[in-house]
Amino acid sequence: MACPIANMCGCRLWLKPEGCRMIRFILLQNRQGKTRLSKWYVPFNASEKFKIESEIHRAVVTRDPRNTNFLEYRSYKIIYRRYAGMFFIFCVDMNDNELGILELIHLFVEVLDGYFGNVCELDLVFHFDKVYRILDELLLAGEVSETSTSKIIAIMKSVDKMD
């Protein structure tokens, strides 16, 4: 069976977990290692998720800021960016474009800033449902869905009017 999203990702591979280039998971962690948001696009059990979150946090926090924001983890690539006290961490396939993912992280933060008005960690904690909704507008099944900050914010505001 061919990849069902081949028209979106351009691949002609057989369907398997590593068949398409995609984001595997997203973590938003503070400097102390507390995960404020996690979105998993591939299945892991709870203990494995906890182990991954801990390992990645140790690797990212202890890294010298003069180094790049990319590191290899298992058979994937971790791309992260620090904004204030929060680490925005994306796990992607080895062949994904690092700079493209850094731009995606920046876009996500811009949308959060535009929606919340200078987003902070407390916004992520107390409005986690809205953060997940923004992430769902930005990404669909680990693939980029929408890149317009203004469109995403407009959709979020129209959903807020319905609530």
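Here is a short report on the structure shown in this document. Not measured: the values here are computed from a predicted model.

1. Some details on the overall build of the chain
Across its full length, the chain carries six helices and seven strands. Starting at the N terminus, the α and β elements of the chain follow one another as α-β-β-α-β-β-β-α-α-α-β-β-α. Buried residues in the chain amount to 42% of all 163 residues. In the chain, the share of contacts with a sequence separation of at least 24, taken over all contacts with a separation of at least 6, comes to 46%. Here the chain displays about 9300 Å² of accessible surface, and carbon together with sulfur accounts for 55% of that area.

2. Some points on the sheet that holds strand S5 (residues 86-93)
Read from one edge of the open sheet, five strands run S2-S1-S5-S4-S3, paired in antiparallel fashion. In this open sheet, the two strands that pair with only one neighbour each are strand S2 (35-40) and strand S3 (70-73). Ignoring which end each strand starts from, the neighbouring axes of this sheet average 20° apart. Where S3 and strand S4 (residues 76-83) come together, four bridges link them in antiparallel fashion. Its bridge partner being in S4, Glu-72 is matched across the sheet by Lys-77. Here helix H3 (residues 98-116) sits on the sheet in contact with strand S1 (23-30), S3, S4 and S5, set at roughly 40° to S4.

3. Here's the deal with the packing of aromatic side chains
Remark: the centre distance and the inter-plane angle together describe each pair of aromatic rings, the angle taken between the planes. Taken as a whole and judged by the stated rule, the model has seven aromatic pairs. A ring pair is formed by Phe-25 and Phe-44, whose centres lie 6.3 Å apart and whose planes are at 85°; its orientation type is edge-to-face. Of the two residues, Phe-25 is situated in strand S1 and Phe-44 in the loop between S2 and helix H2 (46-61); the sequence distance between them amounts to 19 residues.

4. Considerations on the packing of H3 against helix H5 (residues 128-138)
Here H3 crosses H5 at 135°, and the two axes come no closer than 11 Å. Considering their axes alone, H3 and H5 lie oblique with respect to each other. In the crossing of H3 with H5, the sense of the turn from one axis to the other is right-handed. Across the interface between the two elements, Leu-104, Leu-107, Phe-108, Val-111, Leu-112, Tyr-115 and Phe-116 from H3 touch Lys-130, Val-131, Ile-134, Leu-135 and Leu-138 from H5.

5. Here we look at the pattern of salt bridges
Taken as a whole and assessed by the stated rule, the structure comprises eight salt bridges. Salt-bridge contacts for Arg-24 lead to Asp-93; the nearest nitrogen and oxygen are separated by 2.8 Å. Placement of the pair is Arg-24 in strand S1 and Asp-93 in strand S5, with a sequence separation of 69 residues. Judged by relative accessible area, Asp-93 falls into the buried class, the value being 7%. The partner of Glu-121 in a salt bridge is Arg-36, and the shortest N-O contact between them spans 2.8 Å. Placement of Glu-121 in helix H4 (residues 121-126) and of Arg-36 in strand S2 is noted, with a sequence separation of 85 residues between them. Owing to a relative accessible area of 28%, Arg-36 belongs among the partly exposed residues under this scheme. One network of salt bridges, in which partners are shared, links Glu-48, Glu-55 and Arg-74.

6. Structural notes on the packing of H5 against helix H6 (residues 149-162)
Between H5 and H6, the least distance of the axes is 10 Å, while the angle of their chain directions is 135°. The angle between the axes of H5 and H6 places the two elements in the oblique class. Once H5 is placed against H6, the crossing between them reads as right-handed. Only Ile-152, Ile-155, Met-156, Val-159 and Asp-160 of H6 make contact with H5, whose side of the interface consists of Lys-130, Arg-133, Ile-134, Glu-137 and Leu-138.

Calculation rules
- Within each chain, residue numbers correspond to sequence positions counted from 1 in written order.
- In view of the model being predicted, local features appear only for residues whose pLDDT reaches at least 70, and side-chain atom pairs are presented and counted only at 80 or more, with totals across whole chains, interfaces and linings using the full set of residues.
- Remark: hydrogens and water are excluded; side-chain values derive from all non-hydrogen atoms of the structure.
- Here a helix means four or more residues in a row that DSSP labels H or I, a strand means two or more in a row labelled E, and each is numbered from the N terminus.
- The buried label goes to any residue with under 20% of its type's maximum accessible area, the exposed label to any with over 50%, and the partly exposed label to all in between, with areas taken from a 1.4 Å probe on protein chains only.
- Any pair of residues with heavy atoms lying within 4.5 Å of one another is described as a contacting pair.
- Note on areas: Shrake-Rupley, 1.4 Å probe, and residue coverage restricted to the protein chains presented here.
- One requirement defines pairing of two strands: DSSP has to find at least two bridges between them.
- Only the stretch in contact is used when a helix axis is fitted, and all axes are lines through C-alpha atoms; the angle between N-to-C directions ranges over 0 to 180 degrees.
- Classification of ring pairs rests on two measures: the distance between centres of Phe, Tyr or Trp rings, Trp counted by its six-membered ring, which must be within 6.5 Å, and the angle between planes, read as stacked under 30 degrees, edge-to-face over 60 and tilted in between.
- Working rule for angles: under 35 degrees goes down as roughly parallel, over 145 as roughly antiparallel, 65 to 115 as roughly perpendicular, anything else as oblique.
- Should the near helix be turned anticlockwise from the far one by less than a right angle, the crossing is termed left-handed; should it be turned clockwise, right-handed.
- Any carboxyl oxygen of Asp or Glu within 4 Å of a side-chain nitrogen of Lys or Arg constitutes a salt bridge here.

Purely geometric stuff here, so don't read any function into it on its own.
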